Amino acid sequence: MLYIRSRSVLPITAPPIADGAVLVDERGKIAAVGPAATVPAPDGARRLEFPEGALVPGLVNCHTHLELTHLARKNREPAFAPWIRTIRALKDNTTPEEFLHSAEQGVRDAWAAGVTCVADTGSTGAPLEALARLGGRGIYYQEVFGPDPAKCGSSLTELTSAVAHLSPLTSHLVRLGVSPHAPYTVSESLYRAATKFAWHEQLPVAVHLAESREETELVRDGTGPFAEALRARGIAVRAHDCSPVEYLFQLGVLASGNCLAIHCVQVDERDIAILRDSGGAVAHCPRSNRAHGHGTAPLAAFRRAGVRVGLGTDSVVSVGDADLRAEAGAAGLDGEEALRMLTLEGARALGLEREIGSLEVGKEADLAVFSSTDLYRPLPSSTALLAVVAGRVVHG
Ligand SMILES: [Zn+2]
């Protein structure tokens, strides 16, 4: 058992508590939360005290690429299409052992930042292995690529064998999903096949969607740098006369009701209505969008429309670090609204709000403690004082 007392406790679903405490039971669930005087501290419970701390639910990072942790600041390519190609080349020069080491570092960095749950997309399986090995919580979406419709079958075979290989490592902490990567790397037939597979296996889906203007050019008009690169490889490209969001809706990808749409910068009111009506959620990555010059996703419009939104750091290759609290500032949020977005709203975006995201009796004990002076205004590289996943101290 674990008893944590802190200068303040912010349960999110209840008002802040001065001099509060949380008791965690042997199953890793929250047994009590409230003013320290009312929370029992049983004999034998490990006691942790933070007289200058703010105890909050563990943060939820809705978009990471943990297998790329070792590539931080390694890609200086300014334009997006060549930047994507450079990532591919850097990955080709990485061994499986390096990917695993990189992903493990990514999990530890997340914990140090107070992040206790990640939604990660990757192609190597290393992030899921790292989460399973280290005892982290997250959803790992196995990516599938293949812009050439002629190679749809082999791409799907790779996906199904990766899923078969990784499935034994899943648990109530570590879940598996599927990610047909993006409209410029996935053919129509592969989108359909991967979605059908995910549906059949009851796996959640994540997609990079409506990120760059170049992606919209490709989908709507069949032009631009992505179209040119595909044609240079002998792959036919045609105009779909619709937005990327409409395109994936028509292909049935958004229809699962459990689709995490990453970025969603290049969207209009109609796209937002499609996302809402299809039950999709958005992973909002403001610092990545800014770093690549994609523009600003309409966060306020998503929230007004009732679209579930969580915040994500994207990869450290795009942003340089995985400081999720900095994303809240970049999204124009602060105070308790920022904290709610980083915790409960993030959990809701991933469909995990019954398990995590707030400090409530019966929920999983995913917690973080920050210095109360920099909870809302984190200094660069300031770390959490404590991170707990399912009742187990993983940092601090
Ligand atoms: Zn990404």
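Shown above is the structure to which this text applies.
Residues numbered from 1 in each chain as written. Predicted model: local features only at pLDDT ≥ 70, side-chain atom pairs only at ≥ 80, totals over all residues. Heavy atoms only, no water.

Here we come to the coordination of the zinc ion. Each pair of donors in an ideal four-coordinate tetrahedral metal site encloses 109.5 degrees, whereas pairs in an ideal six-coordinate octahedral site enclose 90 or 180 degrees. For the zinc ion, the full set of protein donor atoms is His63 (NE2), His65 (NE2), His208 (NE2) and Asp314 (OD), at a range of 2.0 to 2.6 Å. Geometry at the zinc ion is irregular, judged from the four donor atoms that bind it and their angles of 85 to 172° at the metal. Linear spacing of the donor residues for the zinc ion on their chain is H-x1-H-x142-H-x105-D. Here the residue histidine 65 occupies a position in the loop between β5 (59-64) and α1 (80-92), and aspartate 314 occupies one in the loop between β12 (308-311) and α12 (316-319), the gap between them amounting to 249 residues. Taking the relative accessible area as the measure of exposure, histidine 65 reaches 12% and is therefore buried. Relative accessible area serves as the criterion here: at 6%, aspartate 314 is assigned to the buried category. (Donors = N, O, S within 2.8 Å, 3.2 Å for Na, K, Ca; no water. Tetrahedral: all angles 85-135°; square planar, octahedral: opposite > 155°, others 65-115°. Helix = DSSP H or I, 4+ residues; strand = E, 2+ residues; numbered from the N terminus. Buried < 20%, exposed > 50% of the residue type's maximum accessible area, 1.4 Å probe, protein only.)

Here aspartate 323 shows up in the loop between α12 and α13 (324-330). Owing to a relative accessible area of 16%, aspartate 323 belongs among the buried residues under this scheme. Separated by 20 residues in sequence, aspartate 323 and threonine 343 place their C-alpha atoms 14 Å apart. Aspartate 323 has contacts with Arg287 and Thr313, leaving out every residue within four places of it along the chain. Separated by 3.2 Å, the side chain of aspartate 323 and the backbone nitrogen of arginine 325 make a polar contact. (Contact = heavy atoms within 4.5 Å. Polar contact = N/O pair within 3.5 Å; in protein donor to acceptor, adjacent residues only side chain to side chain.)

Attention shifts here to the packing of helix α4 (residues 152-166) against helix α5 (residues 188-201). Axis separation between α4 and α5 bottoms out at 10 Å; the angle between their running directions is 25°. By the criterion of interaxial angle, the relationship of α4 to α5 is roughly parallel. Judged by the sense of rotation from one axis to the other, the crossing of α4 with α5 is right-handed. On α5, the residues touching Cys152, Ser155, Leu156, Leu159, Thr160 and Val163 of α4 are Ser189, Leu190, Ala193, Ala194 and Phe197. Its residues assigned to classes, the contact of α4 with α5 comprises eight nonpolar, three polar and no charged. (Axes fitted to C-alpha atoms, helices over the stretch in contact; angles between N-to-C directions. Parallel < 35°, antiparallel > 145°, perpendicular 65-115°, else oblique. Left-handed = near helix turned anticlockwise from the far one by under 90°. Nonpolar A, V, L, I, M, F, W, Y, C, P; charged D, E, K, R; others polar.)

In this section: the pattern of salt bridges. Counted under the stated rule, the structure contains 20 salt bridges. Aspartate 321 is the partner of arginine 287 in a salt bridge, and the nearest nitrogen-oxygen pair spans 2.8 Å. Here arginine 287 is found in helix α10 (residues 286-291), whereas its partner aspartate 321 is found in the loop between α12 and α13, with 34 residues between them in sequence. The class for arginine 287 is buried, based on a relative accessible area of 16%. Judged by its relative accessible area of 31%, aspartate 321 falls in the partly exposed class. As a salt-bridge pair, arginine 348 and glutamate 345 come within 3.3 Å of each other at their nearest N and O atoms. With arginine 348 and glutamate 345 both in helix α14 (residues 335-349) and three residues apart, this pair spans about one turn of that helix. A relative accessible area of 29% places arginine 348 in the partly exposed class. When salt bridges that share partners are traced, they join Lys29, Arg137, Glu364 and Asp366 into one network. (Salt bridge = Lys/Arg side-chain N within 4 Å of Asp/Glu carboxyl O.)

Among the residues of helix α6 (residues 213-221), those classed as buried are Glu215, Thr216, Leu218 and Val219. The buried residues of α6 occupy one face: seen down the axis, they fall within an arc of 160°. Taken together, the buried residues of α6 touch β9 (205-209), α7 (225-232) and α8 (244-250). Once α6 finishes, glycine 222 follows within two positions and takes phi at roughly 70°, a positive value. (Arc of directions from axis to C-beta.)

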